[in-house]
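# Observations on the model geometry
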Amino acid sequence: MGTLHLVRHGQASFGSADYDRLSALGAQQCRRLGEHLRARGLVPQAVYTGTLRRHAQSLAALAEGFDGALPATRVRPGLDEYDAHAVVHALYPEPPPAPDDAAAAYRHHFRLLREGLLAWMAGRSVPQGMPSHAEFVAGVGALLDHVRTQHDGDVLVVSSGGPIATAVGIVLGLTPAAVVELNLRLRNSAVSEFVFTPKRHSLQSFNGIAHLEQGGVPADWITWS
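Along each chain, residues carry numbers from 1 onward, in the same order as the chain's sequence is written. Totals for whole chains, interfaces and linings use all residues, but because this is a predicted model, local features are given only for residues with pLDDT of at least 70 and pairs of side-chain atoms are given and counted only at 80 or more. Water and hydrogen atoms were dropped before computing side-chain values, which therefore reflect all heavy atoms in the structure.

### Here we look at the sheet that holds strand β2 (residues 46-49)
The strand order across the open sheet built from six strands is β3-β2-β4-β1-β5-β6, with neighbouring strands paired in mixed fashion. Looking at the sheet topology across the chains shown, the edges are occupied by β3 (73-75) and β6 (201-208). Direction aside, neighbouring strands of the sheet carry axes that sit 20 degrees apart on average. As paired elements, strand β1 (residues 2-8) and strand β5 (residues 191-196) share six bridges and run antiparallel to each other. Across the sheet, His5 pairs through a bridge with Glu193, a residue of β5. When DSSP finds at least two bridges between two strands, those strands are taken to pair. Going along the chain from the N terminus, every DSSP run of H or I of four or more residues is numbered as a helix, and every run of E of two or more is numbered as a strand. Helix axes are fitted only over the stretch in contact, all axes being lines through C-alpha atoms; the angle between N-to-C directions runs from 0 to 180 degrees.

Here is the structure:
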């Protein structure tokens, strides 16, 4: 029996021209996670990431905190996130303007994203430059199948909220709407865990941030972006 540790990337650069890079806080979150995993005695057999820059930067910061050799990274495009901009614009070619208030604008963005994701999942929209939802799910499922058939120990994956929530949805047989809600609640650098055998995965934990809840870490290190 093995354990698959699915890590969401650290805080990225929400609201900037280039979202796909970690903020300084995002690097701190992942470094802290590496320290936590090392203290737990984790010894990964394999490490997987998607192709995105925030995945690579998160893993690099985690490795700093881990302070030990990790296996060579194996890159799998099936761990990449959907394009949130494309998802929204496929449903709203001219999205309604965001409110001036920052908090209201944040809620507005995620309302449109939720609607866009549900339309993509139902086949009611075709986001430009993206796979179909069935293809997206198949990419995540292929990683799950690969892990359970090729490994028998600890496996570390650094990815994004969409693929991680999708993996939970596959294992638990969730509806698309439930997967979207899980996706939008995943916190930066959070860990979700499956135990696996050659035949199946089982959910052990979801959205864990023990590394940010111990040792006097400031409350504002807990983020969702």
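Following the structure, the description resumes.
### Brief notes about the side chain of His5
Looking at where His5 falls in the secondary structure, it is placed in strand β1. Taking the relative accessible area as the measure of exposure, His5 reaches 3% and is therefore buried. In this scheme, a residue with accessible area under 20% of its type's maximum is buried, one over 50% is exposed, and one in between is partly exposed, where area comes from a 1.4 Å probe on protein chains only.

### Some words on the pairing of strand β4 (residues 154-159)
Burial analysis of β4 places five of its six residues in the buried class, which makes it a mostly covered element. Here six bridges tie β1 to β4, and the two strands are oriented parallel to one another. Bridge pairing links Arg8 to Ser159 in β4. Pairing of β2 with β4, which is carried by four bridges, proceeds in the parallel orientation.

### As for a nonpolar patch on the surface
On the surface, a cluster of nonpolar side chains totalling about 220 Å² of accessible area is made up of Leu172, Leu174 and Leu203. Inspection of the secondary structure puts Leu203 in strand β6. Taking relative accessible area as the criterion, Leu203 reaches 33% and is therefore assigned partly exposed. Here, patches come from residues exposed beyond 30% relative accessible area and free of salt bridges, joined within 9 Å for like charges and within 5 Å for nonpolar side chains (Val, Leu, Ile, Met, Phe, Trp, Tyr). The Shrake-Rupley method, run with a 1.4 Å probe, gives the accessible areas here. Residue values count only the displayed protein chains as cover. For this analysis, a salt bridge means a side-chain nitrogen from Lys or Arg found within 4 Å of a carboxyl oxygen belonging to Asp or Glu.

### So, unusual backbone geometry
Positive phi, normally seen in glycine, also occurs at Asp67, with a value near 55 degrees. Of note, Asp67 is situated in the loop between α2 (53-66) and β3. Of note, the phi angle at Ser189 is positive, near 70 degrees, even though the residue is not glycine. By the element assignment, Ser189 lies in the loop between α7 (176-185) and β5. You can call Ser189 buried: its relative accessible area is 0%.

### A word on the pattern of salt bridges
Taken as a whole, this structure holds six salt bridges when the rule is applied. Between Arg114 and Glu181 there is a salt bridge whose closest N-O contact spans 2.7 Å. One end of the pair, Arg114, is in helix α4 (residues 102-121); the other, Glu181, is in helix α7, and 67 residues separate them in sequence. Residue classification places Glu181 among the partly exposed residues on the basis of a relative accessible area of 35%. Between Arg148 and Asp145 there is a salt bridge, with the nearest N and O atoms lying 3.3 Å from each other. Here the residue Arg148 and the residue Asp145 both occupy positions in helix α5 (residues 133-150), the gap between them amounting to three residues, near one helical turn. Given the relative accessible area of 40%, Asp145 is considered partly exposed.

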